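In case you want the letters, here they are:
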Amino acid sequence: MSHDFDVIVIGSGAGGSPVALTLSQAGHSVLVLERGPWYSTEDFYKDELACCLRDIYKPSRREEPHIVETERDDGSWRAQNTNNSRWNFWNGNCVGGSSNFMSGYFHRLKPVDFHLLSEFGPVEGANIADWPIRYEDLEPYYSRVEREVGVSGKVRPHPHAEPRSQADFPYPPLQEHAVAAMLDEAGERLGYHPIPTPRAILSRPVEGRNSCAYNGGYCGSTGCSTGAKGSARSALLERAVATGRCEVRPHSLVKRLITDAKGKITGVEYFDKEGALKQVDAGIYVVACQAIESAKLLLRSTGPKFPQGLANSNGLVGKNLLFAGGGAGSGQLPYAKFSASKARELVQTGFFVNRALQDWYVIDDKAFGPRQKGGTIDFVHVHPSPVLRASRHLHGDHGLLWGKPLKRNLEHLFRDAVPLKIEAFCDWLPNDNSFVTLDPSRKDKWGMPLGRVRTGYHVQNLKVGWYLAAKGAEMLKAIGAEEVISFASGAPPTNLLAGTCRFGTDPKTSVLDPMCRAHEVENLYVTDGSFMPTGGSVPYTWTIYANAFRVADHLLQRLGRPRASY
């Protein structure tokens, strides 16, 4: 049977671009449908208003909001339109997706992350499941991402180091801020093992991409102006397009996947830039829209066999939504504590702190409780955007500040110390109150149901988050930081999303099989973070990239030799 393309990939980020690159390089025809615009490296620069105060790279929450459900103190749930709140579940809707705007902190999962249930046993109120694959299955693809996307770093032995097939990273470490050496020294005194944080940022040029320009630490929330950051667009998708066998259609919002009476997908219906409804078909369909949007797409793709949504006969599409659990903290490192020459080193903001602790990736502390899963602590600069930083210091003990009190507050903020931040990551335990559904009545500007996102968390997230954040605070104090605080919160970070279409071997308890193909739909794959049954204690992007390359290799085997012409 003839199709328009061999494969259609919906979404152009970390989950979709590895598939597009791998298949197009092998000679298969690939269409990538992306709802957002196509920016180039030249379109990005240090625009602190765009990155930090305005939703320039995201759909309008007025036109396309979500309904967020948060828990009240009495256990009931409050539903709120995100247009009238601080919540925003959109993340970088453009070619390359949110990988354009990531900070690029890349940690691998560890072997223990693949079998939490077997290792630690069940946790009451949590839907923990072992992965149907093991670390050894994904390790070659972590290594591939290091080469293909570009990961800079230095392997340093530590108690929870994961096995590696390569002795070190393919790119040397980025330039480090003076605080990095201070953290190393403090860690040695305390008996800890600080490690250089791997970064998906090039430390030297490669294949048309420049190396990092050390532009003041604006990586997070900002597109890279040199191409050094390993976004899916600059590292993978532009190479796929260069093969001549991959077409990217920006401004193409998929409405639904069309299925026949047997449940096989026969086409995609999407809105183009002018709002016209178009159709296109392929032999295989890969969904990679991010965990919330992929679930929404499957739920609204009803058909004769799937009245509850595509691949959703067991009702699990949208369930077990994962954010990132953990804690946070901050401190100020006063320049006055140091010599003039040392202070000049500390005031520099272009280089990276790039230090992490994984000493408590598994917590074996009798004072804290039984042996249990812990997490990762990253030490970073506070985002350097002056407007963003200043906007967080406009209030004092008695309300809004203005005049001289405001001026003194800002002077202290910008002139007296290095602001440092703790970011602690632990597992967001999947649970029955963290999920995505479709709103039964409210619709967006396209006439499609709004997504409802319930954000219930497990108390274990908070316990481990507090523990890790306190360890991070101890390190900050050890290097001389003042005004040190640490805390944990149940409010999820909206930029780290996974779950909703977990993979497994049993069709009754999972949506996808171990190769991320839908149990019920022979030509449907999901390759964003939706596949993850548990999230690990690190940011998800590296694992999403690696798994997408793994699935792409499976698709190569399934597709066989490409057609001779198109």
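Read on for an overview of the structure.

The rules behind each value
Residues numbered from 1 in each chain as written. Predicted model: local features only at pLDDT ≥ 70, side-chain atom pairs only at ≥ 80, totals over all residues. Heavy atoms only, no water. Helix = DSSP H or I, 4+ residues; strand = E, 2+ residues; numbered from the N terminus. Polar contact = N/O pair within 3.5 Å; in protein donor to acceptor, adjacent residues only side chain to side chain. Contact = heavy atoms within 4.5 Å. Core = buried A, V, L, I, M, F, W, Y, C linked by side-chain atoms within 4.5 Å. Buried < 20%, exposed > 50% of the residue type's maximum accessible area, 1.4 Å probe, protein only. Salt bridge = Lys/Arg side-chain N within 4 Å of Asp/Glu carboxyl O. Pairing = 2+ DSSP bridges. Axes fitted to C-alpha atoms, helices over the stretch in contact; angles between N-to-C directions. Expected span 1.5 Å × (residues − 1).

**Considering the side chain of histidine 554**
With respect to the helices and strands, histidine 554 occurs in helix α12 (residues 541–559). Side chain to side chain, histidine 554 and tyrosine 525 meet in a polar contact 2.9 Å long. Beyond its immediate sequence surroundings of up to four residues, histidine 554 is in contact with Met515 and Tyr525.

**Considerations on the nonpolar core**
In this structure, Ile8, Leu257, Val268, Leu512 and Leu524 are the most contacted members of the largest nonpolar core, which totals 102 residues. If you tally residues by element for this core, the top one is α12, at eight residues. Look past the residues within four positions of leucine 512 in its chain and what remains in contact with it is Cys501, Arg502, Phe503, Gly504, Arg517, Ala518, His519, Val526 and Phe531. Counting residues in each nonpolar core, the second largest holds 30 residues, with Ala186, Tyr335, Leu420 and Leu476 among its members.

**Side note on the pattern of salt bridges**
Applying the stated criterion across every chain yields a total of 33 salt bridges. Lysine 154 is paired through a salt bridge with aspartate 168; the nearest N and O atoms lie 3.2 Å apart. In this pair, lysine 154 is assigned in the loop between α4 (135–150) and α5 (178–190) and aspartate 168 in the loop between α4 and α5, connecting sequence segments 14 residues apart. A network of salt bridges, in which partner residues are shared, links Glu69, Asp439, Arg442, Arg452 and Arg454.

**Considering the pairing of strand β6 (residues 246–249)**
Every second residue of β6 is oriented toward a common face, the buried set being Cys246 and Val248 and the non-buried set Glu247 and Arg249. Note: strand β2 (residues 30–33) against β6, four bridges, orientation parallel. Bridging from a neighbouring strand, leucine 33 pairs with arginine 249 of β6.

**Focus on the sheet that holds strand β16 (residues 375–381)**
Ordered in space as β5-β13-β16-β19-β12-β22, the six strands form an open sheet in which the pairing is antiparallel. Of all the strands in the sheet, just β5 (195–196) and β22 (482–488) have a single pairing partner and so form its edges. The pairing of β5 with strand β13 (residues 355–357) spans two bridges and is antiparallel. Across the sheet, the residue bridging to proline 196 is arginine 355, located in β13. The strands that α5 touches are β12 (325–334), β13, β16 and β19 (417–426); relative to β13, the one it contacts most, it runs at about 25°. Packing of helix α11 (residues 459–478) onto the sheet brings it into contact with β12, β13, β16, β19 and β22, and relative to β22 it is tilted by some 165°.

**Digging into α5**
Compared with the 18 Å implied by 1.5 Å per residue over 13 residues, the 19 Å span of α5 between its first and last C-alpha is a close match. Listed in full, the buried residues belonging to α5 are Ala178, Val179, Ala180, Met182, Leu183, Asp184, Ala186 and Gly187. Tucked inside the fold, the buried residues of α5 contact β12, α8 (340–347), β13, β16, β19 and α11. Phi turns positive one or two residues past the end of α5, at glycine 191, with a value near 85°.

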